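Tertiary structure, described
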Amino acid sequence: DVASSSAFGGATVDVLGAGGAAKAAVYGALERGAQKVRVFNRTVSRAEELVAMIKDDRVEVGITLGDDANGGVLLNTTSVGMVPDTEASPVTDSSVLPSYRVVFDAVYTPRDTRLLKDAAAAGCSCAEGVDMFVSQAVLQYLKFTGKVDVGALTTLREQNGVQIVEELEPAGDAKVVTDAMKAALLSTL
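These numbers were taken from a predicted model, which means no experiment stands behind them. As a convention, each chain's residues are numbered from 1 in the sequence order in which they are written. Local features in a predicted model are, by the rule used here, given only for residues with pLDDT of at least 70; side-chain atom pairs are given and counted only at 80 or more, and totals for whole chains, interfaces and linings are based on all residues. Note that water and hydrogens are dropped before the side-chain values are worked out from all heavy atoms of the structure.

Considerations on the sheet that holds strand 5 (residues 100-105)
- Here, a strand pair is defined by DSSP locating no fewer than two bridges between the strands. Strands here are runs of E lasting at least two residues and helices are runs of H or I lasting at least four, both read from the DSSP assignment and numbered beginning at the N terminus. Read from one edge to the other, the open sheet built from six strands follows the order 3-2-1-4-5-6, with strand pairing classed as parallel. The sheet is open, and its two borders are formed by strand 3 (59-61) and strand 6 (125-128), each paired with just one other strand. Ignoring strand direction, the axes of neighbouring strands in this sheet form an average angle of 20°.
- Across four bridges, strand 1 (residues 12-16) lies against strand 4 (residues 72-76) in parallel orientation. In this analysis, axes come from line fits to C-alpha atoms, helices being fitted only over the stretch in contact, and the angle between any two N-to-C directions falls in the range 0 to 180 degrees.

In structure tokens:
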């Protein structure tokens, strides 16, 4: 499980991107015990701004992807590889991927991105962006509909998690919530 503390504890975590998802990824990695978090962005000044905003000595601007990763975690928070440019990857040199134990791609369309295909071929454990997408959707749904207090998600799992999944599922061609997304959603409740 990519979100578990064991995936991050004592690890070097490399975050690709410097936007809102990257900020959340950095904080999440720190909360789960990352030893070092490096922010990589094609505009270095944006990475520097994010590092300055975080104000934690464990966070720095990344220099060379893969260097000293030591079996750590790679988190892509950019849109590179998303439809329509599905053959693109934010990691242009896939030879660095064996440096990582876990690779997460926030892109959810397609679910199996070029980055994840390359990471799987390199022997990495992979996590797709659909899990994050569904978790965000559920929290937004709960917040905007007022059907449940967002802080009550833990107890909601036992009470009516399945009901919420059913309510979120559109019919026919508009069906977005797949069986895998349902499973991911229920695991977050």
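Still to come is the rest of the account.
What to know about the pairing of strand 1
- Burial within strand 1 is extensive, with five of its five residues counted as buried.
- By the alternation rule, side chains of strand 1 split into Thr12, Asp14 and Leu16 and Val13 and Val15, which are all buried.
- By the bridge criterion, five bridges tie strand 1 to strand 2 (residues 36-40) in an arrangement that is parallel. What sits directly across from Thr12, in strand 2, is Lys36.
- Seen with its strands pointing away from the viewer, a crossover is right-handed when the path leading from the first strand over the helix to the second is clockwise. In this region the chain leaves strand 1, passes through helix 2 (residues 20-31) and returns to the parallel neighbour strand 2; the handedness of that crossover is right-handed. A 1.4 Å probe rolled over the protein chains alone gives each residue an accessible area, and that area as a share of the maximum for its type sets the label: buried under 20%, exposed over 50%, partly exposed in between.

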